[in-house]
Amino acid sequence: MSSVSTVAPRFAQRFLEVADWLEEAGASRYADRIRSILADRGAVTTYTAAFCGLFSAGKSSLVGALACKRLRTGANPTTAEVEAVEVPVDGGTLRLLDTPGIDSTDERHREATMNALYQADLVAIVTDYQHVEADANLELLQMFADSDKPRLFIVHQVDKHLEAEMPFEEFAESVRELASDYGVDVSRVFFTAVKPSAHSQLDELRAFLVATAEQALQTDGEPMIRRLVEVAREGVTACYEPGWRDRARAVEEIMGRAPQTLDEAREWLWDARRRADAAKQEEAEQRQRLMAHVTALCGGWLRAVDLAQIAPYETAEKGRRYIDSLRPEFKVGMFRSAKKTEAERDARLKAFVDDLAEKVENFLARPLAAQMAQQIREVGLQAAHEEQLIERCQALGVRVDAAYVQACVKPGSLVSAEYGHQFVRDVQDRVRREVRAKVQEIGEALVRAVEERIRLEEEERAPERDAAERRCQLLRSYVEFGEQYESALAAVTQGEVPRSE
Ligand SMILES: Nc1nc2c(ncn2[C@@H]2O[C@H](COP(=O)(O)OP(=O)(O)OP(=O)(O)O)[C@@H](O)[C@H]2O)c(=O)[nH]1
Ligand SMILES: [Mg+2]
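Residues numbered from 1 in each chain as written. Chains lettered and ligands numbered in written order. Predicted model: local features only at pLDDT ≥ 70, side-chain atom pairs only at ≥ 80, totals over all residues. Heavy atoms only, no water.

## Concerning the overall build of the protein chain
- Regarding its fold elements, the protein chain presents 15 helices and six strands.
- If you line up the protein chain on its principal axes, its C-alpha atoms span 165 × 55 × 35 Å.
- Put simply, the protein chain has 501 residues, and 44% of those count as buried.
- Long-range contacts, defined as pairs at least 24 residues apart, comprise 74% of the intrachain contacts of the protein chain with a sequence gap of at least 6.
- When the accessible surface of the protein chain is split by element, carbon and sulfur atoms take 49% of a total near 26800 Å².
- Averaged over its 67 positive side-chain charges, the protein chain has a centre that lies 13 Å from the centre of its 87 negative ones. (Helix = DSSP H or I, 4+ residues; strand = E, 2+ residues; numbered from the N terminus. Buried < 20%, exposed > 50% of the residue type's maximum accessible area, 1.4 Å probe, protein only. Contact = heavy atoms within 4.5 Å. Areas by Shrake-Rupley, 256 points an atom, 1.4 Å probe, with all protein chains shown as cover. Lys, Arg positive; Asp, Glu negative; His and termini not counted. Charge placed at Lys NZ, Arg CZ, Asp CG, Glu CD.)

See the structure below:
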């Protein structure tokens, strides 16, 4: 016997923690399977082949014949529990597991058989000569098709073959074809009988099993580790599969189909995130652009107020003449009569007021109101808001009359010869200040109206935005869960407990 390394058992012990994790995750069946592999003291030096099939296929007779022992056999369902017989081989033991027929009506038999199959290094599917294509046999063939567990397909009781009905080779060929349809290599198809038969390969089967066991046992406990890994992965799958399917369905509902790979889901998520972000950014930019535009409009209007020519030279001159007429030394007429002087003052006031009023109307109020109305229309607001604002533009002017102008006179300054210029500037400043205030108010109202418009538009787009967010959320959940699933599989393959997220 070759010596057995101590590395494998130590590595195998790690699966105790994996079993605890599976237990906690609700997959206690797999936890139990791991524990029972580990509880088996001889596991490292044992290679296990499980024989399964319909009842009365001849499993017990076959296993007995292979091990040169007698097992209980019979025409009715006979084997009720998994039974092991051991054959010493180079490097350890070949353990043959005889299992209850899988068509047994007792659910516990079936469970025992399934556990044996999961824990075995090799599964031998045994069928009797007459039931090769029974559904249950095909199901068994299918069961481990995706795993790398070696499978044998054994047609037993071939002593029942009648050469007169069909040449044996023809029959054998059809069996091999069936097996290879299920991915079983033709070198792993055997024909056996415990009764004398020229077609029986009982000795070849025994030799194959012994050789396979010996080879596996040379590999440092690898068969047991492989069994542990396999059971642990099955357990992880059992834990994650339902949640995984739910998430796939949720994604399918919004995307039309489920992603084929995790990478595809990652791409979908990336794309959905990019679109959602782009839409959000576009919205923010649009908002910014609109607000900047409105600010620029208001700035332009205020500049127009400042620059409007409301007191050109001749108008200003009239203002100065009016101021001159207010000075105490001002007298007119041959007799410098108070009446005439007064009349001249009134005339000069009227000349200035009329001219200024006309200039304010023609060079400031009217053109600015028209420009503002036009630009407000171009912004595109709700009709009611637009109308209100335009009405306010139309009332932009100030009523320039005698009292308005007189209120600007500072009597104490009349002594200064230069006061006329200052007075005209003061009147203009008053007009500009008052128009500016109105423009500013309209500008503020415009900002509010634009904000309202943006709010409404964003509200309209809300369902679209929510749908995009939901898409991202479902895809993220799918991807994250898939990554956890993948990393849990990878962890148990290394004998490590999956990290809990
Ligand atoms: N002709 C023939 N009969 C066999 C052969 N092997 C077994 N039998 C008979 O087939 C019947 C069933 O055999 P078992 O070995 O008990 O079958 P099993 O698959 O273990 O059945 P269960 O334990 O009930 O699932 C018995 O009557 C056996 O004598 C064989 O190679 N040729
Ligand atoms: Mg039996």
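## Regarding the site of ligand 1
- Ligand 1 sits among 23 residues. The nearest are S61, T78, T79, D159 and V194.
- Backbone polar atom of S56 to an oxygen atom of ligand 1: 2.8 Å apart, as the coordinates give it.
- Interatomic distance of 3.5 Å between a side-chain N/O atom of Q157 and an oxygen atom of ligand 1.
- Protein contacts shield 87% of the accessible area of ligand 1, which totals 650 Å² for the unbound molecule. (Near = heavy atom within 4 Å. Polar contact = N/O pair within 3.5 Å; in protein donor to acceptor, adjacent residues only side chain to side chain.)

## Focus on the domain arrangement of the protein chain
- In terms of domains, the protein chain is made up of domain 1 (40-218) and domain 2 (274-460).
- Centre-to-centre, using C-alpha coordinates, domain 1 lies 104 Å away from domain 2. (Domains from an automatic or database assignment.)

## As for the packing of aromatic side chains
- The tally for this structure, following the rule as stated, stands at twelve aromatic pairs.
- Ring geometry for Y129 against F171: centres 4.8 Å apart, planes inclined by 50 degrees, an arrangement best described as tilted. Pair noted here: Y129 is in the loop between β4 (122-128) and α5 (135-143) and F171 is in helix α6 (residues 168-181), with a separation of 42 residues, a long-range link. We note that Y129, like F171, is buried.
- Relative to Y478, the ring of W244 lies with its centre 4.4 Å away and its plane at 25 degrees, an arrangement referred to as stacked. One end of the pair, W244, is in helix α8 (residues 222-255); the other, Y478, is in helix α15 (residues 462-493), and 234 residues separate them in sequence. Of the two residues, W244 and Y478, neither departs from the other in class, the shared state being buried.
- Members of the aromatic cluster, each reached through a chain of ring pairs, are Y240, W244, Y478, F481 and Y485.
- For R33, the ring lying beneath its charged end belongs to Y30, and the centroid distance is 5.2 Å.
- R430 extends its terminal NZ or CZ atom over the ring of Y404, reaching a point 3.8 Å from the ring centre. (Phe/Tyr/Trp six-rings, centres within 6.5 Å; stacked < 30°, edge-to-face > 60°. Lys NZ or Arg CZ within 6 Å of the ring centre and 35° of its normal.)

## Overview of the packing of helix α10 (residues 313-326) against helix α11 (residues 338-379)
- Packing of α10 against α11 brings their axes to within 9 Å, and their N-to-C directions diverge by 155 degrees. In terms of axis orientation, α10 runs roughly antiparallel to α11. Handedness of the α10/α11 crossing: left-handed. Facing α10, whose interface residues are E314, T315, K318, G319, R321, Y322, D324, S325 and L326, α11 presents E344, R345, R348, L349, A351, F352, D355, L356 and K359. (Axes fitted to C-alpha atoms, helices over the stretch in contact; angles between N-to-C directions. Parallel < 35°, antiparallel > 145°, perpendicular 65-115°, else oblique. Left-handed = near helix turned anticlockwise from the far one by under 90°.)

## Observations concerning the pairing of strand β3 (residues 92-98)
- Counting buried positions along β3 gives seven out of seven residues, so the element sits mostly inside the fold.
- Here six bridges tie strand β1 (residues 46-53) to β3, and the two strands are oriented parallel to one another. For T46, the partnering residue across the bridge sits in β3 and is T93.
- Note: strand β2 (residues 83-89) against β3, seven bridges, orientation antiparallel. When the sheet's bridge partners are listed, P88 is paired in β3 with T93.
- A loop of two residues connects β2 with β3, the two strands running antiparallel in sequence, and G91 in this loop sits at a positive phi of about 95 degrees. (Pairing = 2+ DSSP bridges.)

## Side note on the pattern of salt bridges
- Under the definition given, this model contains 40 salt bridges.
- For E23, the salt bridge identified is with R35, shortest N-O distance 2.7 Å. Here E23, found in helix α1 (residues 7-24), pairs with R35, found in helix α2 (residues 28-39); they are twelve residues apart in sequence, far enough to count as distant.
- Assessed through its relative accessible area of 35%, E23 is described here as partly exposed. (Salt bridge = Lys/Arg side-chain N within 4 Å of Asp/Glu carboxyl O.)

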